[in-house]
Structures are given as C-alpha cells and as structure tokens.
Amino acid sequence: MNSDDLGLFGPGSVTWKVHDEPILIVAGLRSLYLQALHPRAMAGVAQNSNYRTDAWGRLIRTATYVATTVYGTTAEAEAAGARLRRLHDRLRATDTLTGERFRIDEPDLLRWVHVTEVESFLSTARRAGLPLSDDEVDGYYTEQRRAAALVGLDPATVPGTAAEVADYYRAVRPQLRMTREAAETAVFLTAPPLPWKLSLPVRLGLTLGPPRWAYLGIASTAFALLPTWAHRMYGGLGLPTTALSADLTVRALRLAFAAVPRRYLEGPLIQAAKERAARHAAASLAG
C-alpha cells in the first residue's frame, strides 16, 4: 500500500477545502434534522439504531466514517464503505404508514441520506463565510459522488451539481412529512443526554455548565439553517429574518472556531492526511 496515497480527494479538491472547516459540526446536526423528515428513512434509523441510548457514540462513529472517506487513504475509505455496506445489507425496517418491510439500503433511502448530508456540509460552510465559487460548489457535489459510490449508490443516479440537488429536493418533498418520530427526533437532537463526564456537575446539583449551553447554541443554529420548506414542516414560519439571524450566528461560530488552535480541532485522520499531502508535495518538488 502506498503510504502517501492521498485518498479519494486530496489537497487540491473542493472536498478538502470544505471539510477543513470546523463549522461542519453544525452541518452534521442540520443534516440529521433534515433526514428525520423522511418517514421511511426515519423508520430505518429508529428500528435499527440505539441512537437514544448511545447518541454520542453514534455521532462519533458517523463523524469518523465521514473523516475516513474524506481524509483516509483510498484503501481506508474503501474498507470503511465495505463495512457500512455489509452492515446495511442485513438490516430491515417496517414502514410505519404501510406496514411494508423494506431494506434500509434501498437506493432511494441511501440517496436521501447522502444528499442531505453533503448539501448540509456545503450550504453551512458557505453561509458561515467560506468563499466558494459556483464552479467549486458544483465541483464539490461532483466529487462527493465518489463517497456515494462507497455506500453502494450508482454515482450516475446521484445529484452532481447545485441545480441537480435543487431538482432532487423538489422531487422528493412530496414524500416528506412531519411525523411523531420526526418531532421526537428533533427534540432529542436539540437536548440529548450529555456524556457522563459532562453531565456529572448537573447530577451533583451544580450549576448548568458551558457544555450544555454550547451544545444548545450549536443545535439551535443547525435547526435555523434548515431550508424554509423544512422549517414549515416542523411548524416554524421560515421567515427571511430567521435565515438572516442563522447566517449571522453561524458566521460568529466560524470565527470562534478560528480562534481555537488547530491541534484541538483536528483528529488523527486529518493530521495524517495533511502529513501525507506534505510528503507528496515535497517528493514532487524533489522530482
């Protein structure tokens, strides 16, 4: 295996430019609020996941998977995709509206999760102030077809430009609705149980510390960044002032993250990828 393999994307990609932004933690939550509006996708999660009892573990596993596909070597990304496909292959759920049993790796469901995730990453980064041209936006969606292939989708069936993503949302919206499961999930995402170490002060009767309030601020910003039509499904008015306040808040959060030393924000996968990229660049210059 080539120890300096740059993976599916690499340092010259729009994907690396977007995912270098710590603000994407907000984008991850936004995508979960959005995904919950698809009843069939929500049934698949609710019936096959322990997200209520292991919310933080599931969040960490999802973040690790995304980081592996973006920053891992090609072999690491492909291995992560293969593990996910094997997991999905054996999972089934029951449609709560029709009673039909279905596979959770149906292409329509995988496509919904993929599009909501990558669109959330891109739109959040842009609204937070990351400068991206229209060509770069389309380039990001096209690049992310490689990630879609890892979960078993035919890349040709996945939106690869901003216009195609907009068309996809228009086509899928009639299938979306506000269900009890969606409402419960939204409440849970907004105020999940804290990990033991963070919740200990509360258990001891001490004042509610920064971690809870920090998370609530991030979650409320993620919710505010949803498309207007999604706000309306959740019962919000989706007024332009909501979008404006969300933009101001997410820009302030990005500035706050920028003040934190990178070593506290970048995990081993990202650090290893940047080291490989530096060795690759040095070798190219030497050659």
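Here, every reference points to the structure presented above.
All values derive from a computational prediction rather than experimental measurement.

## Remarks on the packing of helix H6 (residues 107-127) against helix H9 (residues 162-172)
When two helices pack together, their arrangement is given by the angle between the helix axes and by the axis-to-axis distance. Axis separation between H6 and H9 bottoms out at 11 Å; the angle between their running directions is 130°. Here H6 lies oblique to H9, going by the angle between them. Of the two possible hands of crossing, H6 and H9 adopt the one that is left-handed. Between H6 and H9, the contacting residues are Asp108, Arg111, Trp112, Val115, Thr116 and Glu119 on the first element and Val165, Tyr168, Tyr169 and Val172 on the second. Residues of the contact of H6 with H9, tallied by class, amount to six nonpolar, one polar and three charged.

## A look at the packing of aromatic side chains
Considering all chains together, one arrives at seven aromatic pairs under this definition. Plain terms: the ring middles of Trp16 and Tyr71 are 5.2 Å apart, the flat faces sit at 45° to each other, and that makes the pair tilted. Pair noted here: Trp16 is in helix H1 (residues 14-19) and Tyr71 is in helix H4 (residues 55-71), with a separation of 55 residues, a long-range link. Residues Trp16 and Tyr71 agree in their burial class; the two are buried. Taken together, a centroid distance of 6.1 Å and an interplanar angle of 50° make the contact between Tyr168 and Tyr169 tilted. A relative accessible area of 13% places Tyr168 in the buried class. Of the residues examined, Tyr169 reaches a relative accessible area of 7% and is grouped as buried. Through a chain of ring-to-ring contacts, three or more aromatic side chains come together here, namely Trp112, Tyr168, Tyr169 and Trp229. The aromatic ring of Phe102 is capped on one face by Arg40, whose charged end is 4.2 Å from the ring centroid.

Definitions and cut-offs
- All residue numbers refer to position in the chain's written sequence, counted from 1.
- Local features are withheld for residues below a pLDDT of 70 in this predicted model, meaning they are given only at 70 or higher, and side-chain atom pairs are given and counted only at 80 or more; totals for whole chains, interfaces and linings count all residues.
- Computation of side-chain values: all heavy atoms of the structure, hydrogens and water removed.
- Whenever a helix is involved, its axis is fitted only over the stretch in contact; in every case the axis is a line through C-alpha atoms, and angles between N-to-C directions fall within 0 to 180 degrees.
- Working definition: helices are DSSP H or I runs of at least four residues, strands are E runs of at least two. Numbering for both runs from the N terminus.
- Reported orientations rely on four angle classes, namely roughly parallel under 35 degrees, roughly antiparallel over 145, roughly perpendicular from 65 to 115, and oblique for the rest.
- Helix crossings are classified by the rotation of the near helix relative to the far one: an anticlockwise turn of less than a right angle makes the crossing left-handed, while a clockwise turn makes it right-handed.
- Whether two residues are in contact is decided by their heavy atoms, any of which lying within 4.5 Å being enough.
- The classification used treats Ala, Val, Leu, Ile, Met, Phe, Trp, Tyr, Cys and Pro as nonpolar, Asp, Glu, Lys and Arg as charged, and all other residues, Gly among them, as polar.
- Think of it this way: a Phe, Tyr or Trp ring, Trp meaning its six-membered ring, pairs with another when their centres are within 6.5 Å, and the plane angle makes it stacked under 30 degrees, edge-to-face over 60, tilted otherwise.
- Here the term buried applies to any residue with accessible area under 20% of the maximum for its type, exposed to any over 50%, and partly exposed to those in between, with areas from a 1.4 Å probe on protein chains only.
- The rule for a charge over a ring is simple: NZ of Lys or CZ of Arg within 6 Å of the ring centre, and within 35 degrees of the ring normal.

That is the geometry; function is a separate question.
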